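A look at the structure
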Amino acid sequence: MVLFKDWMVRGVSACILVVSLYSPALYSQVPNPQAPSINPFPNYANNGVVNQSNNRNQIPVTPSSFNPDLNRQQQQNRNIMLEVEQNQKLQETAMKEARTDIEELRGAVRYTLQTYSKFEGTQFYYEAFKKIILLDTTFSLKENNFLVENAYFGNTLDKAEFDKIITQSGDFIHAKMKEQGYDQNSNAAKNFMLFQFFSETLQLKSTNQKHLPFKYDFDDYRGIKNYAKMFVSKLLATKTGQCHSMPLLYLILADEIKAEAYLALSPNHSYIRFPDDKGKWYNIELTNGMLSTDSYISQSGYIKSEALQNKIYMENLTKKEMLSGLLTDLADGYIHKFGYDEFVKTVIDKALELSPNSVRANMIKANLDSARMDFVLRQIGNRPLEKYPQAIDMIEKVKSQYSFIDQLGYEDMPEEAYQEWLQSMNKENQKQKNEELTKQLKKALSNKKSTIKG
Amino acid sequence: MIKNYILGVLLFTVSLSVKAQNQEALFEKSLLTLNDMLVNESHYSFKKAVFSVENAYLNGKLDSLAVNGQIKVLKELCSLLINGRFLAYVESDKPDVNKWASVYQVMCDSIPIIIKDQEYRYIPFRYDFDDVFGNQELSNMFISKLLTTRKGNCHSLPYLYKILCEELGTTANLALAPNHIYIKHQNKKNGWYNTELTSGIFPNDAWLMASGFIHVDAIKNGVYMKALNNKESIALVMMDLADAYQKTFPNNDGSFLLNCSQTALSVFPNLTSALIMRAEIHKKQIEKETNIDKAKQDFKKLEVEYSHIHKLGYRYMPEEMYLNWLVSLKTEREKYENKKLTNFNKK
């Protein structure tokens, strides 16, 4: 806040300087007119000789300036014109001097972005950030994700209601597991039930309680028009979600029923991985409620081998990486609502500290750095750049940040390609794979059911 | 008469063993050459490395003058292309991209050449579907064979490509897939991209990943699809040398092979061909072991070796499947072609 004000004042004073340096120059440096009766700036606008800009010194033409003698009049005119020219030259040099003065005064280019802290709603973000960092040691996806979404809504979400839905859902899944006779300790069973909770209509025989599946929301799934489309709270309220909210809710519920499951990333996408009780891994694609194969994911066409070698895709995310992702969500929401400022840097630096190879965090950093670079370059204007080593340094850093993202093996996946890929899952061979995998998983479950625990 | 006969037989066997000794020496010499390149980076020459192996297998009969002459002609052809055609590419690494594009054209495109107002058509190299793994005759994998028959496979084609690039003063990275070698380049505009010489296409990584024979772990561990550096490439050649040795001396005691694989692994720890060869030698040693306890112990170690190879993501790919997969690049070209790259190579 202080910084912001400070800058404003300096900016304004610089403007005043332009004016205050400019005006006296007009008067003080004009040589004394030869004929005192004649004003140095008569109105010649009618002949179109004098620049209109001098009009403000306009003084009514005195009768004395009228002379019947045409020659004399012309001579005088010429003199005056010369004088005016001279004045203009002087004026220009004065302006130049003034400009260099201003430049010197303005020499201190500001290298940090203006803060949005005065904007209403930013404080919720600052608070949320502090709380998330505090919760760092006892990572809870449910709590942290709520903080991120609540900050966007200016702390208007009902936490008690949210908690209640999560607890009830957890109870429902437990009850259904019991009803099906699944082993309550089997990770495969827990995940299978949770998967069904997302993809099928379930009803409890005991209470007749019914649960409808969550559906994929094709409309504005990137949250461009309505950012809240990517939120878990939106998913709970409308029963429709996308590849961000659905896996997050899955994991929140997995925590609730103490199932082991992980988030994994692919281009523009996230999905669930979980191990069965023998250690075989399954992928869940929640957006269409199917079990998917690794080769389906790598077939998207936008995963480079370097991306896998750098472990940016198709890996179980650790708690640290999850936290980094949530901080990135926080920064992303802030940018969406307000814009880029140094708060974004604080958040992203922390996110990158937790997960240095995170593609999303690195991209936000690249965008933030470019925004700052633009801001600095605009201040410098057409002054010689080599006088501003700090700005040159900034340009280099932006370049290297972008090439770092390339090195990670990231490749932009166009929206159409992404949609096409998601749709391809509904094709026959993928459906077959899904059925095979489901069979395998069910088999693993029945094996588990029949084993007698000691 | 009988004396003469015995003498003849004697002389024959002596000359045989002399021949064997000479060839053995050639293999030893080649291994020394390769080893030296690993220790002394300034001695690195992929061309020299590959031809030392071919020469050892051919028992010193590699016509190095002819081979070098042909490579020189190809290099000249590349230079002509670089100077004579327009390349729609503007980034600062254009000189390199231009060289890569010229080598690619020389290897995969038919190019019209005008000599004294007469137009000739240059015929590129072709893929040889016979004996793609060199099982019948190892020299089918050789560059010398490629240069004389103008037909090659996934071994000789990328090797020649790399050699031509280096002759032109630029680099090329070899990359591995199951039973397969291809080329990886990184340019400023597109990042990393693949060049597949057996079909002359720039496939995206999905083609390799979707083959179904590359386990994700193998990619993560850099077993496959990783741009190899020069040392790792020499490690690869070292395993070629071991294969050639095994084919030449099927009843060897394994020490030369072990030496090759150990050295290769020292610079490329996840080189599965070396890990497999080492494990197989260990297996043979166990079979010969008379001490039962020691054999049991060693067998446990062997199991660890094999499970390590499995964990890295290595899976065996049969020849027929391999060919089907290679062909899929042509039949499903639309799906697997990197479309960003198809344009700038056109004249």
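Report follows, based on the coordinates. (Residues numbered from 1 in each chain as written. Chains lettered and ligands numbered in written order. Predicted model: local features only at pLDDT ≥ 70, side-chain atom pairs only at ≥ 80, totals over all residues. Heavy atoms only, no water.)

1. Examining the overall build of chain A
- Along its length, chain A carries 16 helices and eight strands.
- Residue burial in chain A is summarised as follows: out of 454 residues, 46% are buried.
- Within chain A, contacts between residues at least 6 apart in sequence are counted, and of these 68% link residues at least 24 apart.
- Working note: accessible area of chain A is about 23,900 Å², and carbon and sulfur atoms make up 54% of it. (Helix = DSSP H or I, 4+ residues; strand = E, 2+ residues; numbered from the N terminus. Buried < 20%, exposed > 50% of the residue type's maximum accessible area, 1.4 Å probe, protein only. Contact = heavy atoms within 4.5 Å. Areas by Shrake-Rupley, 256 points an atom, 1.4 Å probe, with all protein chains shown as cover.)

2. Considerations on the interface of chain B and chain A
- Each side of the interface is counted separately: chain B has 19 residues, and chain A has 16 residues.
- Summing both sides of the interface, chain B and chain A together bury roughly 1,500 Å²; the carbon and sulfur share of this comes to 49%.
- At the surface where chain B touches chain A, the tally comes to two salt bridges.
- The salt bridge partner of K220 of chain B is E315 of chain A, with a shortest N-O separation of 3.2 Å.
- Remark: the boundary between chain B and chain A carries 11 residue pairs in polar contact (both at pLDDT 80 or more).
- Residue assignment for the side of chain B that touches chain A shows that the elements contributing at least two residues are β6 (180-187), β7 (191-195), α7 (205-210) and α8 (216-220) of chain B.
- With four residues, the single largest contributor to the side of chain B that touches chain A is α7 of chain B.
- Class assignment for the residues of the side of chain B that touches chain A results in eight nonpolar, five polar and six charged. (Buried area = accessible area lost by both parts, 1.4 Å probe. Salt bridge = Lys/Arg side-chain N within 4 Å of Asp/Glu carboxyl O. Polar contact = N/O pair within 3.5 Å; in protein donor to acceptor, adjacent residues only side chain to side chain. Nonpolar A, V, L, I, M, F, W, Y, C, P; charged D, E, K, R; others polar.)

3. Let's talk about the sheet that holds strand β5 (residues 173-177) of chain B
Residue and element names in this part refer to chain B.
- Read from one edge of the open sheet, three strands run β5-β6-β7, paired in antiparallel fashion. Edge positions in the open sheet fall to β5 and β7, since each of these has one partner strand only. Direction aside, neighbouring strands of the sheet carry axes that sit 40° apart on average.
- As judged from the five bridges shared by β5 and β6, these two strands associate in the antiparallel manner. In the strand pairing of β6, N173 is matched with K184.
- Each of β5, β6 and β7 touches helix α6 (residues 156-167); the most contacted strand, β6, lies at about 35° to it. (Pairing = 2+ DSSP bridges. Axes fitted to C-alpha atoms, helices over the stretch in contact; angles between N-to-C directions.)

4. Overview of the pairing of strand β2 (residues 118-122) of chain B
Residue and element names in this part refer to chain B.
- The pairing of strand β1 (residues 111-115) with β2 spans five bridges and is classified as antiparallel. When the bridges of β2 are listed, P112 appears paired with R121.
- The antiparallel hairpin formed by β1 and β2 contains two residues in its connecting segment, where K116 sits at a positive phi of about 50°.

5. What about the packing of aromatic side chains?
Residue and element names in this part refer to chain A.
- Counting across every chain of the model gives 37 aromatic pairs over all chains.
- For the pair F274 and Y282, a centre-to-centre distance of 5.4 Å together with 15° between the ring planes defines the contact as stacked. Take F274 and Y282: they sit in the same class, and that class is buried.
- Ring geometry for Y418 and W421: centres 6.1 Å apart, planes at 40°, overall tilted. Of this pair, Y418 and W421 are both found in helix α15 (residues 415-424), three residues apart, which corresponds to roughly one turn of the helix.
- Y418 sits in the buried class, given a relative accessible area of 1%.
- Members of the aromatic cluster, joined through ring pairs, are Y125, Y126, F129, Y334, F338 and F343.
- Sitting over the ring of F214, K239 keeps its end group 4.9 Å from the ring centre.
- Looking at K337, its charged tip hangs above the ring of Y152, at a distance of 4.9 Å from the centre. (Phe/Tyr/Trp six-rings, centres within 6.5 Å; stacked < 30°, edge-to-face > 60°. Lys NZ or Arg CZ within 6 Å of the ring centre and 35° of its normal.)

6. Structural notes on the packing of α6 of chain B against helix α9 (residues 230-248) of chain B
Residues and elements named next belong to chain B.
- Across the interface, α6 lies against α9 with an axial gap of 13 Å and an inter-helix angle of 140°. Accordingly, the angle class assigned to the pair α6 and α9 is oblique. α9 is crossed by α6, and the crossing has left-handed handedness. On α9, the residues that touch Y159, K162 and E166 of α6 are N230, S233, L236, V237 and D240.
- Grouping the amino acids of the contact of α6 with α9 by side-chain chemistry returns three nonpolar, two polar and three charged. (Parallel < 35°, antiparallel > 145°, perpendicular 65-115°, else oblique. Left-handed = near helix turned anticlockwise from the far one by under 90°.)

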